[in-house]
Amino acid sequence: MKPSTFIQGIERHVSVPSNPNRALWEQGDFTEIAVFMRQSGEAVVQGIGIEPPVRVLDLGCGDGTTAIPLARLGAEVVGIDIARNLVEAGNRLAAEAGLTRLKSQEGDACSLAGVADSSFDLVISFFGAMFAPKPFDVAKEMVRVTKHGGRIVMGNWIPNDPTFVSQVLKISSAFTPPPPEGVISPMTWGVESNIIERFDHAGVPKENISMARDTYYFASPEKIPTELVEELEQVYGPTMTQSKRPRKMERRRNYTNGFWNCRTRRTKVRMPVRLYPPLSCASLFPSNEPMKTLTLIFVLAISARGQDAISLKEVVRQSMARSRVIEASSAAIDAASARVTEAKSGWLPKVTYSESWTRSDNPVFVFSSVLTQRQFSESNFDVGDLNRPDFLNNSVAGDRRPAAL
Amino acid sequence: MTGDQPLYDAGRNKRAVRTAKLGEDVSREDRRRNQLAVIAQVARFYWDTQLGVEEVRVTSQAMRSAEADLERSEARRTSGMATDADVLSIRVHLAGVHEEQIRRSADLEVDRAAMNDAIGLPLDSVHFLTTPPAPLPVAQPELSGYEKNAVDGRPKARQARLAAVIARVHAADAHNNYLPQVTLHGAFEADRQRFAIVAARTG
């Protein structure tokens, strides 16, 4: 099966990002982490419930955790990710799976320039778009590219959740310098009021947004949680960055201790002041058994355009089409045009025809009518008939009135 | 049967045609004026609705802020750093913000209903308004230019000019009533006992 022209069109026009997050996600090898997420990715896609033909945009697609299952279900999928290496990995995996209706490419969730308005039936982003630095722009772009009546589904990590990923990110952020002004924490996507505000700002009312907590599994029959944490330090961009940052010995030790406590299930971690609050992340790992359940996610199902989208131009067009005042004005113009035609006819000759009929036994009427009809005879001079004539019909064709000058 | 052919009418018919054409132009201007009024009205409804959405959002945030202020104030009172009067004043402020929120929500409903009415939809329909408010690229304002534009382009001004021309045409027409008119008039008359059609049938 050949890639559709739709996918090819998107591929040609989408802009290449200049987002600073790009370097963050291109370092390391997130595909090593994504391996643990495949099973849940498929479960998530099954839960969304798609019915082909459907066009799907997977924002922050990574190497295809959700994009590949979507394509397998028959969806026409465009994946966009900030990291080139993940895009390449996603396309490679799709090719290996023989999925021609899936194409990944570089792009920035904050600015989907090149992606036309109302292009997709479904826009999903699982732990992808939440990391883009401008959440309001992200929401706006997601809504923009979604068709009327389409859906947006997001999966976002929940801040301060006592589960794995939230705690990893929390510890990482503890060693991160304050973000530049204007950059908003990705974890704010896990707060309901923020989600409502952002999508409301993009034009989606609160009533169209639903949220639910669900469990996302990092599944690996071989690895134990501590090994995953070690792997995170080695291949996961954000934690790799943080592990390199603490240059001073003390900060480095704090950072290491943070993860060490996680790995060894110590119940409390003494945190550097203001870096991070007491954690209980170690309770996530009751034993060193192979991982099954680790992390909660926040799943959003947003009917982005359950309401009709309408532009000012369309509103004006509709209101003018149904305006009775304008309709009356148009009728008045027609009447005026007819009066022009009528006035022009004044130069043309007029021909009129009329016919009248009269019946009477009035002697004068009968006498004059018989005479006018040229039917007068001698018998009409009979005195009795002159005084008391029979009734007579007289029909006059023409116009006896003098023509008006 | 009669036939009439005007030969000379002192320009009366010509002026009648001109008056009718001017009347047609007046009607066109009237329609343009109505169209502009509808556009202006519906655009106002559209932007009012968008503004209403923003205002509701702002008041919601103000509400949250006021609620946080109240919480803080109550905590300060609990710790002995504020009095009941302080808390009460925050409550009054919160009530004011709440009132504003209700007012803005009601305004939004009214704006939305007005827009829906203009486009013939149920009054409570909610739309996703896609046209973002953007400032118009305004050139350097020159008063004379605006005046000229108003005089040349405004339907009312153009209608007034047309009305003046029509009045002049009527005046000329009235003057020409003194002049004679020449019309060729022909008539045919036939008297018979029956209507023509019956006569034709009977032969």
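Residues numbered from 1 in each chain as written. Chains lettered and ligands numbered in written order. Predicted model: local features only at pLDDT ≥ 70, side-chain atom pairs only at ≥ 80, totals over all residues.

**What to know about the overall build of chain B**
Counting its regular elements, chain B contains 5 helices and 4 strands. By the burial criterion, 15% of the 203 residues in chain B qualify as buried. Across chain B, the fraction of contacts at a sequence separation of at least 24, relative to all contacts at a separation of at least 6, is 79%. (Helix = DSSP H or I, 4+ residues; strand = E, 2+ residues; numbered from the N terminus. Buried ≥ 20, exposed ≤ 12 C-beta atoms within 10 Å, placed from the backbone. Contact = placed C-beta atoms within 7 Å.)

**Description of unusual backbone geometry**
All names here are of chain A. Look at Phe127: it is not a glycine, yet its phi comes out positive at around 55°. One can find Phe127 in the loop between strand E4 (120-126) and helix H7 (135-145). With 21 C-beta atoms packed within 10 Å, Phe127 lands in the buried category.

**Concerning the interface of chain B and chain A**
Listed by partner, the interface residues are 48 residues for chain B and 51 residues for chain A. For the side of chain B that touches chain A, the elements supplying multiple residues, two or more each, are strand E1 (2-8), helix H1 (12-78), helix H2 (84-119), strand E2 (127-129), strand E3 (182-187) and strand E4 (190-192) of chain B. Top contributing element to the side of chain B that touches chain A by residue count: H1(B), with 19 residues. Across the side of chain B that touches chain A, the residue classes break down as 21 nonpolar, 16 polar and 11 charged. Strand direction decides the pairing type here: strand E9 (residues 350-352) of chain A and E1(B), joined by 3 bridges, are antiparallel. Its bridge partner lying in E1(B), A:Val351 is registered against B:Gly3. (Nonpolar A, V, L, I, M, F, W, Y, C, P; charged D, E, K, R; others polar. Pairing = 2+ DSSP bridges.)

**Let's talk about H2(B)**
A rise of 1.5 Å per residue sets the reference length of H2(B), with its 36 residues, at 52 Å; its end C-alpha atoms lie 52 Å apart and thus fit the reference within 8%. Looking at H2(B), one finds that the buried residues are B:Ile90, B:Val97, B:Arg104, B:Asp111, B:Arg112, B:Met115, B:Ala118 and B:Ile119. Turning to H2(B), the residues buried within the fold contact helix H13 (312-321) of chain A together with H1 of chain B. (Expected span 1.5 Å × (residues − 1).)

**Focus: the pairing of E1(B)**
Where E1(B) and E3(B) come together, 6 bridges link them in antiparallel fashion. In the strand pairing of E3(B), B:Asp4 is matched with B:His185.

**Observations concerning the packing of H7(A) against helix H9 (residues 192-201) of chain A**
If you want to describe how two helices pack, look at the angle between their axes and the distance between the axes. Residue and element names in this part refer to chain A. At a minimum axis separation of 8 Å, H7 and H9 run at an interaxial angle of 55°. The pairing of H7 with H9 is recorded here as oblique in orientation. Every pair of crossing elements has a handedness; the one defined by H7 and H9 is right-handed. Only Arg198, Phe199 and His201 of H9 make contact with H7, whose side of the interface consists of Pro135, Phe136, Ala139 and Val143. When the residues that make up the contact of H7 with H9 are grouped by side-chain class, the tally is 5 nonpolar, 1 polar and 1 charged. (Axes fitted to C-alpha atoms, helices over the stretch in contact; angles between N-to-C directions. Parallel < 35°, antiparallel > 145°, perpendicular 65-115°, else oblique. Left-handed = near helix turned anticlockwise from the far one by under 90°.)

**Overview of the confidence of the model for chain B**
All names here are of chain B. The share of residues in chain B with pLDDT of 70 or more is 93%, and the mean pLDDT across the chain is 86. Here residues 198-203 is a poorly scored stretch, pLDDT under 50, and it has 2 contacts once near neighbours within four places are set aside; other chains count. Across the whole predicted complex the pTM is 0.45, and at the interface the ipTM reaches 0.77. (pLDDT = per-residue confidence, 0-100.)

**A look at the sheet that holds E1(B)**
Spatially, E9(A)-E1(B)-E3(B) is the arrangement adopted by the 3 strands of the open sheet, whose pairing is antiparallel. Every interior strand has two partners, whereas the edge strands, E9 of chain A together with E3 of chain B, have only one. Along the sheet, successive strands turn relative to each other by an average axial angle of 15°, direction set aside.

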